[in-house]
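# What the coordinates show
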Amino acid sequence: MKLDLFVEYEHKKVDYKQLSETAKQIWKDQGQKVKDLTSMELYFKPEENKCYYIFNGEENGFFVV
C-alpha cells in the first residue's frame, strides 16, 4: 500500500514526507546520528506556517515551512 498525506491551507500544499525529511535534517545538523533518533513527533500548524518537532521525547523546536 502506498500512502501520501498532504495538508492544504490557503493555497499551500505540504507533504508529510517533506516535513519529516526537514526535521531529520535538523537532527543531523545538530550533530546527531539518524540511528540515534528513536522517535519523532511533528505538529504542523498551517495557520502559523510552522512545524513543531519533538525528538526522542525531549528535544523540541520548530521550523518554518
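Within each chain, residues carry numbers counting from 1 in the order of the written sequence. Local features in this predicted model are restricted to residues whose pLDDT is 70 or higher, and side-chain atom pairs enter the listing and the counts only when it is 80 or higher, whereas totals over whole chains, interfaces and linings include all residues. Only hydrogens and water are set aside when side-chain values are computed; all heavy atoms of the structure are taken into account.

## Remarks on the confidence of the model for the chain
Counting all residues, the mean pLDDT for the chain is 93, and 100% of those residues have values of 70 or more. Within the chain, the element-level pLDDT minimum falls on strand E1 (residues 6–9), averaging 90, and the maximum on strand E4 (residues 50–55), averaging 96. The predictor rates its confidence in each residue with pLDDT, a number between 0 and 100. Helical segments are the DSSP runs of H or I of at least four residues, strand segments are the runs of E of at least two, and each set is numbered from the N terminus.

## Focus on the pattern of salt bridges
Any carboxyl oxygen of Asp or Glu within 4 Å of a side-chain nitrogen of Lys or Arg constitutes a salt bridge here. Summed over the entire model, instances satisfying the criterion amount to four salt bridges. For Asp-4, the salt bridge is made with Lys-17, and the minimal N-O distance between the two is 3.3 Å. With Asp-4 in the segment before E1 and Lys-17 in helix H1 (residues 16–29), this pair connects stretches of sequence that are 13 residues apart. A relative accessible area of 37% means that Lys-17 is categorised as partly exposed. Through salt bridges with shared partners, one network takes in Lys-2, Asp-4 and Lys-17. Only protein chains enter the accessibility calculation, which uses a 1.4 Å probe; a residue is then buried when its area is under 20% of its type maximum, exposed when over 50%, and partly exposed in between.

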